[in-house]
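If you want the building blocks of each chain, they are given just below.
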Amino acid sequence: MQLIDIAVGSGYAALCLSLIVLMNPVAPREAAVEAGAQSVLDSAISSYLQHVGLPFLATSSDAAICASAAGASNATLGFDVIVQGEGCGSVVAPSSPLASSSLTLDLPSRPVVIEAWLARR
Amino acid sequence: MARKAVAATLASVVLLTVLVVADATVMSAQDNLASSAQTSHLESRELLLEVSLAGGVSLQVLAQVQGYLSANPAECDSLPRYLGSISASSGSSGEDSGIAYTANATAGEAPSLQAPESDNLTILAPFAGGVRGALDLREAFSVKEVGGGGSVSLEREETHTLNVPIEVDSASSLCASALDSLGAALSRSPCNATLEQAAFDSALPGLVADAAALRFTLTAGWGSGAACSTTYWVTLVEPGVAGATGSFDWTVRGFGTVA
């Protein structure tokens, strides 16, 4: 009888601990943080586009475009603009950013990709 | 001893149950938060896509119009028909970050403006909005985006005003005045090539200067026809027009005859 009690108790404890481990709230919290960071990046890309304009990206030199990307970057937010497959060499994305996002623009003269990332503090 | 064991077991059961319920509650809240954040992200991405698509297809439209203008010289006497015949369309479709999208734009000449007209497509500045005296285009733009398995969608139909900065009014007035001046000069001495050439040479510098003042280059010529008739022509070029996709030259030609 005592043995059965111990077995049932242990089984229930194991079940509860398994449920606690399975229902880990950290995973959805991280997903929410990542989605929030992605929204911040999308908003930053939109602001950058509104600031420089598509005609600038369609006609300007690589140097001017890279200067604009550097000007829009700060300690935590980084930009790179890839024109016809060539990015700005001076801008290096961190190996493990908090979040990253990119937007491909099909411009008349050339394809342009804007990449943005949030660095971990 | 047995009672203590039972009490300890019951306490453990209650404690574990509370822990499981609390964990499930937190998990559910975090799930809702993640779901809301994901929906918010999809919405912000759709807005970004909408802005970039509106700008991208509109830029394609402007590029087509620029291509037409640089490849097809206008005639002075049919400038309104020439501008009215301009039309361009562009589209884009695909998928980005799990969002399927389709965008289309069609544009033609806008009605003439009495005053500058602003437009909210600021991503195309300074080619968004209407400019008096330039070629203004009215564009119908539509976009449809569906993301999150159909849960987040965006559908818009907008009308935009764009401009191509050619000097339509200046070209029209310069062409008319140049043809009038040359016609008047050449008609003074019909059937006398020497006097006609002198009159032409006398009129031309002023016309070139007038054109240069409005940033046009003007060339002109004349020739004798049958029965003392004289034919003359004017070519106006607006060089290096700073278009949305690069600079281009726009040419306007005119002809006249003195019988």
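Please read these numbers as outputs of a predicted model, since none were measured by experiment. Counting starts from 1 at the beginning of each chain's written sequence and moves along it residue by residue. A letter from A marks each chain and a number from 1 marks each ligand, given out in the order of writing. For this predicted model, a pLDDT threshold of at least 70 governs which residues receive local features, and a threshold of 80 or more governs which side-chain atom pairs are given and counted, while totals over whole chains, interfaces and linings are taken from all residues.

A. The arrangement of the overall build of chain B in detail. Under the scheme used here, helices are H or I runs from DSSP no shorter than 4 residues and strands are E runs no shorter than 2 residues, and both carry numbers assigned from the N terminus. Counting its secondary structure elements, chain B contains four helices and eight strands. Start at the N end of chain B and walk to the C end: the helices and strands fall as α-β-α-β-β-β-β-α-α-β-β-β. Relative to a compact globule of 259 residues, whose C-alpha radius of gyration would be 18 Å, chain B shows 34 Å and is clearly more extended. For chain B, the C-alpha atoms occupy an extent of roughly 140 × 30 × 25 Å along the three principal directions. To sort residues by exposure, count the other C-beta atoms lying within 10 Å of each residue's C-beta; 20 or more gives buried, 12 or fewer gives exposed, and values between give partly exposed, all with C-beta atoms placed from the backbone. Taken across its 259 residues, chain B has 35% of its residues classed as buried. Each residue is represented by a C-beta atom placed from its backbone, and any two residues with such atoms within 7 Å are regarded as in contact. By sequence separation, contacts in chain B at least 24 residues apart represent 66% of the contacts at least 6 residues apart. Using C-alpha atoms as the atom set, the radius of gyration is obtained and then compared with a globule rule of 2.2 Å times the number of residues to the power 0.38.

B. How the structure looks around unusual backbone geometry. Residues and elements named next belong to chain B. At the junction of A125 and P126, the peptide bond is cis and its omega measures out at 5° in the coordinates. Its place among the elements puts P126 in the loop between β3 (99-109) and β4 (135-147). Located in the positive-phi region is S97, a residue other than glycine, with phi close to 50°. With respect to the helices and strands, the residue S97 is situated in the loop between β2 (87-96) and β3. Looking at S97, the number of C-beta atoms within 10 Å reads 16, which means it is partly exposed.

C. Spotlight on the nonpolar core. In terms of nonpolar packing, the biggest core is built from 78 residues, with I45 of chain A together with L62, L124, C175, A178 and L236 of chain B touching the most fellow members. With near-sequence residues (within four places) excluded, L236 of chain B lies in contact with A171, L174, C175, A211, F216, L218, T251 and V252 of chain B. Each nonpolar core comprises buried Ala, Val, Leu, Ile, Met, Phe, Trp, Tyr and Cys residues, the members being joined through C-beta atoms within 7 Å.

D. Structural context of the packing of helix α1 (residues 2-22) of chain A against helix α1 (residues 2-71) of chain B. Lines fitted to the C-alpha atoms define the axes, with helices restricted to the stretch that makes contact. Angles between their N-to-C directions range from 0 to 180 degrees. Orientation of α1 of chain A relative to α1 of chain B, taken along the N-to-C sense of each, is 15°, at an axis distance of 9 Å. In this view, α1 of chain A runs roughly parallel relative to α1 of chain B, as classed from their interaxial angle. Taken as a pair, α1 of chain A and α1 of chain B cross one another with a handedness that is left-handed. Across the interface between the two elements, D5, G9, Y12, A13, C16, L19 and I20 of chain A from α1 of chain A touch T9, S12, V13, L16, T17, L19, V20 and D23 of chain B from α1 of chain B. Its residues placed into classes, the contact of α1 of chain A with α1 of chain B shows nine nonpolar, four polar and two charged. Each angle is binned into one of four classes, with values under 35 degrees roughly parallel, values over 145 roughly antiparallel, values of 65 to 115 roughly perpendicular, and all other values oblique. Crossing handedness is defined as follows: a turn of the near helix away from the far one that is anticlockwise and smaller than a right angle gives a left-handed crossing, while the clockwise case is right-handed. Throughout, the ten residues Ala, Val, Leu, Ile, Met, Phe, Trp, Tyr, Cys and Pro are labelled nonpolar, Asp, Glu, Lys and Arg are labelled charged, and all others, Gly among them, are labelled polar.

E. Structural view of the domain arrangement of chain B. All names here are of chain B. If you check the domain split of chain B, you get domain 1 (37-165) and domain 2 (169-258). Residue ranges assigned to the domains are those given by an automatic or database domain assignment. Between the C-alpha centres of domain 1 and domain 2 there is a distance of 36 Å. Elements with a minimum of two residues in the side of domain 1 that touches domain 2: α1 and β1 (74-75). Per-element accounting of the side of domain 1 that touches domain 2 gives the leading share, six residues, to α1. Of the residues that constitute the side of domain 1 that touches domain 2, the class distribution is 12 nonpolar, three polar and two charged.

F. How the structure looks around the interface of chain A and chain B. Listed by partner, the interface residues are 34 residues for chain A and 38 residues for chain B. Of all the secondary-structure elements, those providing two or more residues to the side of chain A that touches chain B are α1, α2 (26-52), α3 (54-59) and β2 (99-106) of chain A. Among the elements that make up the side of chain A that touches chain B, the one with the highest residue count is α2 of chain A (14 residues). Residues of the side of chain A that touches chain B, tallied by class, amount to 20 nonpolar, 10 polar and four charged.

G. Summary view of the sheet that holds strand β7 (residues 230-243) of chain B. All names here are of chain B. By the convention used here, strands pair only if DSSP detects at least 2 bridges between them. The strand order across the open sheet built from four strands is β1-β8-β7-β6, with neighbouring strands paired in mixed fashion. Each of the sheet's edge strands pairs with one partner strand only, and the pair in question is β1 and β6 (217-224). Where β7 lies against strand β8 (residues 246-258), 12 bridges are found, and the strand directions are antiparallel. Counterpart to L236 in the pairing with β8 is V252. Docked against the sheet, α1 engages β7 and β8, running at close to 35° with respect to β8.

H. Local environment of the sheet that holds β4 of chain B. Residues and elements named next belong to chain B. Spatially, the four strands line up as an open sheet ordered β2-β3-β4-β5, and their pairing is antiparallel. Because the sheet does not close on itself, it has two edges, and the strands there are β2 and β5 (152-164). Averaged over all pairs of adjacent strands, the angle between their axes in this sheet comes to 10°, without regard to strand direction. Sheet analysis places β3 next to β4, joined by 10 bridges and oriented antiparallel. Bridged to E109 within β4 is L137.

I. Local environment of the environment of Q60 of chain B. Tracing the sequence through the fold places Q60 of chain B in helix α1. Classification of Q60 of chain B as buried rests on a count of 21 C-beta atoms within 10 Å. Considered as a pair, Q60 of chain B and A244 of chain B are 184 residues apart in the sequence and their alpha carbons are 9.4 Å apart. Beyond its immediate stretch of four places on either side in the chain, Q60 of chain B contacts P108 of chain A together with S90 of chain B.

J. Focus on the pairing of β3 of chain B. All names here are of chain B. Here 10 bridges tie β2 to β3, and the two strands are oriented antiparallel to one another. When the bridges of β3 are listed, S89 appears paired with T106. Adjacent in sequence and paired antiparallel, β2 and β3 are bridged by two residues, among which S97 carries a positive phi angle near 50°.

K. Quick peek at the environment of V152 of chain B. Residue and element names in this part refer to chain B. With respect to the helices, strands and loops of the structure, V152 is situated in strand β5. Once the C-alpha coordinates of V152 and S40 are considered, the two residues, 112 residues apart in sequence, prove to be 9.3 Å apart. When residues no more than four places from it in sequence are discounted, the contact partners of V152 are T39, L42, E43, E46 and G147.

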